[in-house]
Every structure is written in C-alpha cells, then in structure tokens.
Amino acid sequence: MNEKTDDIILAFESSADETSAAVVKNGNTILSNVVATQIASHQRFGGIVPEVASRHHLEWINRVTEEALTKAGINDPERQLSAVAATYGPGLVGSLLVGLMAGKTFAMVHHLPFIAVNHLAGHISAANFVKATVYPALAIMVSGGHTELLWMEKENTFQIIGTTLDDAAGEAFDKVGRILGLKYPAGKEIQEMAGHGKAVIKFPIAHTEDDFDFSFSGLKSSVLNYVHHHEQVSEEFNRNDVAASFQKAVVEAITKKSRLAIEKFQPKQLLLGGGVAANLALRTAFENLSKEYKIELTEAPIKLSGDNAAMIGAAAYLNYKQRLFAPLDLNVDPSLNFARM
Ligand code: KG4
Ligand code: ZN
C-alpha cells in the first residue's frame, strides 16, 4: 500500500497574520501553496491584533486546507501523503494553536506522522525551492519578529551567532512606516519610496563591535527625531530621502555583521530568508557580498519570503528524512528559538 516514490507533505502555517496550507513534494517542489492574508483587518490598528488574528485563522483554516489539497490533486491523503506538518512556534499563541491543531487533527484522522516545524527554520528553508544548500552555511533570517545570523554546520541544524538586541529589521521598517504615515506592514512601501529618494541623511545606527548582534531601535528613534524636528519647525523635508537613508542604514547594518560572520566562520553557502529578504536593496547587497567572497548565495524567492506554508513543508521534509516526528500532545511554543552557539 505504501509504495510511494515521492514524499508529499501537507503543511500548515498560522503563526501571525497569514493562514496558509501547502502541499510540498520532496521538500523542494510546490504542488500548492494557499495563503489567506488578514493584513487589511489589522491595518487600522497599525499592527497585528492577536484576538482578531486567531478568529481569522479559525474562519480560514478549513478553506485554505481544502483548496491546497484540491489544487495538489490530493483526494486520498492516507495513500498520497507521507506526513502532515505545522508551525508550532514562534508566534502568537492563539494563532499558532489554530494551525497546530489543524495539522495534528489531520494527521490523526488520516493515520499520518506529524512533524512540528520551527517557523524560523521554515523561512530559511524557502531557499530549498531554488536549490539544495551546501554546508556549512550561514543563514541570514530577517523578518518582522526576528533578525538572526544562524550557523548551519549541516542540514537541519541551526545555531544563533547573532541576533537583534531590540527591534527586528522588519519591525524597524514597520515603525518607521508609521512615523511616515504609511500603512502596516510598511517594508515594501518604504522600499518603493527609497527608490525615488537619495540616501543623503545620516541616521546613526548602533554598532556593537566584535560581535554579531544587531540593534535597530536607536535608528528608529533618530528617524522619529528627524521627522518631529522638521514638523515642529515647519521645515520641508523629503520623505523619500528619509526612506532611502533609513533603508541604507538597515542594509549596511545587516551586511556589516554578515561580513564579520563570513570572515570568522568561512561558510560554503549563504542563505537569505524572512519577510525582509524581499527587499531589493538588501538582495543586491547580498549578491555583491556573495561575489566579493566567492560564496554562493541562495535567496528565498520574493513571493516565498513572507509567511506561507510551502516553506513549512520544505523545512518539514528535512525532519521527515530524519524521521523526526512529534507526538500529538505537543503544544505551541510562542517564544521558540534556536540556541546560541
Ligand atoms: O517573515 P514575515 O512575513 O513575518 C514574520 O515572520 O515576522 O515578515 C514580515 C516583515 C514585515 O515587517 C514587513 O514590513 C517586512 O517583512 N517586509 C519588508 C519588505 N517586504 C516585507 N521589509 C523591507 N522591504 C520589503 N520589500
Ligand atoms: Zn515569518
């Protein structure tokens, strides 16, 4: 009965404001990836409202699951699927619970093994849809909630070598967006404004020396001071220049620490993932870094850099290969992270 030649995984993602289900073959081929975004419901509050998010996940989870299965041609899950996976952390507790319960229930009903996935490993694994990784690798994970430099000695191992001491990179984009009167999430719009501006304003960014950690809250404060000062004295200022100068400072901070890590750890491969990995200025900076150090770079495809279940399916496959299954009484872990090196 189980003469499968391919390993097909049904994956769920619901850690923040996207409800998603995907069907992924052999960890690198997307058969379906359905994402229902609730951004519009949170925009008027300027960020995610946890209660609203959980309710939306509940409303959408069955629909995205049915659509993902139909699109992928899965009509007999028990025969066609090898496993079911879901994100169990980090994220919002009420949101995570919806996807995790859906995944565990589906696995139980269809007698399939269940795989629990770390959302951050998911973001990094989005690169697997482009090509297979060579190890050891340095992963740069930049999202709305996290900014981490991760050492991957071998497949499916992650150690933090640097992290943010305050705001995450995406959070800084969103906060600066708010200062500039933009809608949440503001990363993409800041990137567009930056394209029409010049990076002529010097926004200081805290650089801790000799380590790989980041700090973005001082940068956000200096943008706030700049904008407030100009508004108070009714002085004109170019908002596009503010966007360009801020974006440049963020990109420089991330590449500076990545450069230090490359020199110390000598990876064979660079991986770039997370929502902020969609940023074109950041991608260009990493493409240059890759050429300069002659280290191959794999970037998460732009449309897979934000939250989606396909990346969870890609990460789940690495666990599947090692038969790392989770018990069905597993709970969510909202502050799940990797260990420091
Ligand atoms: O990974 P993600 O979808 O969610 C989390 O796991 O946090 O990341 C969302 C973050 C938001 O802060 C958003 O503003 C940022 O990614 N983002 C961008 C761009 N597209 C999304 N930041 C900068 N430039 C972009 N093009
Ligand atoms: Zn994410």
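Look up a bit, the structure's there.
Computed from a predicted structure; not experimentally measured. All chains use their own residue numbering, which begins from 1 and follows the written sequence. Written order decides the labels, with chains lettered from A and ligands numbered from 1. At least 70 in pLDDT is required for a residue's local features to be given in this predicted model, at least 80 for side-chain atom pairs to be given and counted, and no such filter applies to totals for whole chains, interfaces and linings, which use all residues. The basis for the side-chain values is all heavy atoms of the structure; hydrogens and waters are excluded.

Draft legend 1. A look at the overall build of the chain. Scanning the chain from terminus to terminus reveals 11 helices and 11 strands. For a compact globule of 341 residues, the expected C-alpha radius of gyration is about 20 Å, and the chain comes in at 20 Å, within 12% of that figure. In terms of principal-axis extent, the alpha carbons of the chain reach across some 75 × 45 × 30 Å. Buried means the residue's accessible area, taken with a 1.4 Å probe over protein chains only, is under 20% of the maximum for its type, while exposed means over 50%, and partly exposed covers the values in between. With 341 residues in all, the chain has 55% of them scored as buried. Between two residues, a contact is recorded if the distance between any of their heavy atoms is within 4.5 Å. Counting only contacts in the chain whose residues sit at least 6 apart along the sequence, the fraction spanning at least 24 positions is 74%. Total accessible area computed for the chain in this model is approximately 15,000 Å², and 52% of it derives from carbon and sulfur atoms. Separation of charge centres in the chain, based on 31 positive and 38 negative side chains, amounts to 3 Å. Secondary structure is summarised from DSSP: a helix means a run of H or I of at least four residues, a strand means a run of E of at least two, and numbering begins at the N terminus for each. To get the radius of gyration, use the C-alpha atoms; to get the globule rule, take the number of residues to the power 0.38 and multiply by 2.2 Å. In these tables, accessible area is a Shrake-Rupley quantity obtained with a 1.4 Å probe, and a residue counts as shielded only by the protein chains included in the view. His is not counted here, nor are the chain ends, while Lys and Arg score as positive and Asp and Glu score as negative. Positions of charges follow a simple convention, taking NZ of Lys, CZ of Arg, CG of Asp or CD of Glu.

Draft legend 2. Broad picture of the site of ligand 1. Nearness of a residue to a molecule or strand requires only that one of the residue's heavy atoms be within 4 Å of it. The environment of ligand 1 is formed by 20 residues, the closest being His123, Gly144, Asp174, Gln191 and Gly275. Residues adjacent in sequence count toward polar contacts only when both atoms are side-chain atoms; beyond that, a polar contact is any pair of N or O atoms within 3.5 Å, and within protein one must be able to donate a hydrogen and the other to accept it. Note that an oxygen atom of ligand 1 is positioned 2.7 Å from one of the side-chain N or O atoms of Asp174. At 2.9 Å, a side-chain N or O of Gln191 approaches a nitrogen atom of ligand 1. Taken together, the elements giving at least two residues each to the shell around ligand 1 come down to α5 (119–125), α6 (169–179) and α7 (187–195). Of the residues assigned to the shell around ligand 1, the class counts are five nonpolar, 12 polar and three charged. In this count, Pro and Cys sit with the nonpolar residues alongside Ala, Val, Leu, Ile, Met, Phe, Trp and Tyr, while Asp, Glu, Lys and Arg are called charged and the others, Gly among them, polar.

Draft legend 3. Structural detail: the environment of Ile140. Structurally, Ile140 can be placed in strand β6 (residues 137–142). When the C-alpha positions of Ile140 and Val242 are compared, they lie 25 Å apart, and in sequence the two are 102 residues distant. Beyond its immediate sequence surroundings of up to four residues, Ile140 is in contact with Glu148, Leu149, Ile254, Ser258, Leu271, Leu272, Gly273 and Phe286.

Draft legend 4. Looking closely at α6. Every buried residue of α6 is accounted for by Ala169, Gly170, Ala172, Phe173, Val176 and Gly177. Projected down its long axis, α6 carries its buried residues within an arc of 160°, all on one side. Along the arc lie the directions from the helix axis toward the C-beta atoms.

Draft legend 5. Examining the packing of helix α2 (residues 50–71) against helix α4 (residues 93–109) more closely. Lines fitted to the C-alpha atoms define the axes, with helices restricted to the stretch that makes contact. Angles between their N-to-C directions range from 0 to 180 degrees. Between α2 and α4, the least distance of the axes is 9 Å, while the angle of their chain directions is 35°. Handedness of the α2/α4 crossing: right-handed. Each of Ala53, Ser54, His57, Leu58, Ile61, Thr65 and Leu69 in α2 lies in contact with α4, whose residues at this interface are Gly94, Ser95, Val98, Gly99, Ala102 and Phe106. Across the contact of α2 with α4, the residue classes break down as seven nonpolar, six polar and no charged. With the far helix as reference, a near helix turned anticlockwise by less than a right angle produces a left-handed crossing, and one turned clockwise produces a right-handed crossing.

Draft legend 6. Structural context of the coordination of the zinc ion (ligand 2). Only N, O and S atoms count as donors, using a 2.8 Å limit from the metal and a wider 3.2 Å limit for Na, K and Ca, and since water is excluded some coordination spheres may look unfilled. Around the zinc ion (ligand 2), the protein contributes the donor atoms His119 (NE2), His123 (NE2) and Asp307 (OD), at 2.0 to 2.1 Å from the metal centre. Angle rules define the geometry names used: all angles between 85 and 135 degrees makes four donors tetrahedral, while opposite donors over 155 degrees apart and all other angles between 65 and 115 make four donors square planar and six octahedral, leaving every other case irregular. Taken together, the four donor atoms surrounding the zinc ion (ligand 2) define angles of 95 to 131° at the centre, an arrangement classified as tetrahedral. Here the donor residues of the zinc ion (ligand 2) are spaced in sequence according to H-x3-H-x183-D. On the criterion of sequence distance, the pair formed by His119 in helix α5 and Asp307 in the loop between β10 (296–299) and α11 (309–321) is long-range, its members being 188 residues apart. Considered together, His119 and Asp307 belong to a single accessibility category, that of buried residues.

Draft legend 7. Quick look at the side chain of Asn156. Tracing the sequence through the fold places Asn156 in the loop between β7 (147–152) and β8 (159–163). Exposure remark for Asn156: the relative accessible area of 17% places this residue in the buried category. Of note is the side chain of Asn156, whose polar atom sits 2.7 Å from the side chain of Asn319. A polar side-chain atom of Asn156 sits 2.8 Å from a polar atom in the side chain of Gln322.

Draft legend 8. Broad picture of the sheet that holds β10. By the convention used here, strands pair only if DSSP detects at least 2 bridges between them. Strand order in the open sheet formed by six strands is β10-β9-β6-β7-β8-β11, and the pairing between neighbours is mixed. Strands at the two margins of the open sheet, each flanked by one partner only, are β10 and β11 (339–340). Across five bridges, β6 lies against strand β9 (residues 269–273) in parallel orientation. Note on β9: the bridge partner recorded for Ala139 is Leu271. With respect to the sheet, helix α10 (residues 280–293) is in contact with β6, β9 and β10, its orientation differing from that of β10 by roughly 160°.

Draft legend 9. Structural context of the pairing of strand β1 (residues 8–13). When you tally the buried positions in β1, you get six out of six residues, the bulk of the element. Burial along β1 is two-sided: Ile8, Leu10 and Phe12 facing one way and Ile9, Ala11 and Glu13 facing the other are all buried. Looking at chain direction, β1 and strand β2 (residues 18–25) are connected through six bridges and run antiparallel. Counterpart to Ile9 in the pairing with β2 is Val24. In this antiparallel pair of consecutive strands, β1 and β2, the connection spans four residues.

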